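Residues per chain are reported as follows:
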Amino acid sequence: MSVQDDLTSVQRCLDDLSRSVGRLEQQLGSGGLDIRRVRADADHLRESVALLRASATLQASSRKPELVTIPDQPYDDTQWTDCDDEGLGAHHGPEHRR
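Notes on the structure in this doc start here.

Below, the discussion takes up a nonpolar patch on the surface. Taken together, the side chains of Val 68, Ile 70, Tyr 75 and Trp 80 define a hydrophobic patch exposed on the protein surface, amounting to about 510 Å² of accessible area. Its place among the elements puts Ile 70 in the segment after helix 2 (33-61). In this structure Ile 70 comes out as exposed when scored by relative accessible area, which is 61%.

This is the structure:
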């Protein structure tokens with residue numbers, strides 16, 4: 001799973017938690033210290049996941065591109081057999097020097 005998939009899964013779980021806490025508040029009343037603490041903790045988790053999502057998005061966008069190493073050895077000339085040479089300075093090869 002990707003980080004975004006995991007964060008989405010956590011968000012769904014928090015949505016379920018919030019609905020469950022809401023049902024508990026209806027059954028127990030929202031005035032008790034315990035239920036208010038549970039509501040505050042659930043809200044705090046929601047805020048923390050939102051910050052984590054923003055941080056992960058920022059980190060993914062600032063990631064450096066992967067470097068590709070190009071060898072110093074010349075390429076095998078046989079791989080260019082049926083190709084037209086349209087490169088820069090095509091008329092500067094040894095056969096065109098005077």
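Further notes follow.
A word on helix 1 (residues 3-28). Helix length check: helix 1 (26 residues) gives 37 Å between terminal C-alpha atoms against 38 Å at 1.5 Å per residue, within 8%. Every buried residue of helix 1 is listed here: Leu 7, Leu 14, Val 21 and Glu 25. Lining the buried residues of helix 1 we find helix 2. Count one or two residues on from helix 1 and you reach Gly 29, which has phi positive near 90°.

What follows concerns the environment of Arg 53. Counting through the fold element by element, Arg 53 comes out in helix 2. On the basis of relative accessibility, which here comes to 25%, the residue Arg 53 falls in the partly exposed class. Each C-alpha atom of the pair Arg 53 and Leu 7 lies 6.8 Å from the other, and the pair is 46 residues apart in sequence. Not counting residues within four places of it along the chain, the set of residues in contact with Arg 53 comprises Gln 4, Leu 7, Thr 8 and Gln 11. Only 3.3 Å separates the side chain of Arg 53 from the side chain of Gln 4, close enough to count as a polar contact.

On to the packing of helix 1 against helix 2. Following both chains from N to C, one finds helix 1 and helix 2 inclined at 165°, their axes separated by 10 Å at the closest point. When the axis of helix 1 is compared with that of helix 2, the two are roughly antiparallel. For the element pair helix 1 and helix 2, the recorded crossing hand is left-handed. Tallied by class, the residues present in the contact of helix 1 with helix 2 amount to 14 nonpolar, 6 polar and 5 charged.

What follows concerns the environment of Arg 46. Tracing the backbone shows Arg 46 in helix 2. C-alpha separation for the pair Arg 46 and Ser 18, spaced 28 residues apart in sequence, amounts to 9.2 Å. If we ignore the near neighbours within four places in the chain, the residues touching Arg 46 are Gln 11, Leu 14, Asp 15 and Ser 18.

Conventions we followed
Residues numbered from 1 in each chain as written. Predicted model: local features only at pLDDT ≥ 70, side-chain atom pairs only at ≥ 80, totals over all residues. Heavy atoms only, no water. Patch = residues over 30% accessible without salt bridge, like charges linked within 9 Å, V, L, I, M, F, W, Y side chains within 5 Å. Areas by Shrake-Rupley, 256 points an atom, 1.4 Å probe, with all protein chains shown as cover. Salt bridge = Lys/Arg side-chain N within 4 Å of Asp/Glu carboxyl O. Helix = DSSP H or I, 4+ residues; strand = E, 2+ residues; numbered from the N terminus. Buried < 20%, exposed > 50% of the residue type's maximum accessible area, 1.4 Å probe, protein only. Expected span 1.5 Å × (residues − 1). Contact = heavy atoms within 4.5 Å. Polar contact = N/O pair within 3.5 Å; in protein donor to acceptor, adjacent residues only side chain to side chain. Axes fitted to C-alpha atoms, helices over the stretch in contact; angles between N-to-C directions. Parallel < 35°, antiparallel > 145°, perpendicular 65-115°, else oblique. Left-handed = near helix turned anticlockwise from the far one by under 90°. Nonpolar A, V, L, I, M, F, W, Y, C, P; charged D, E, K, R; others polar.

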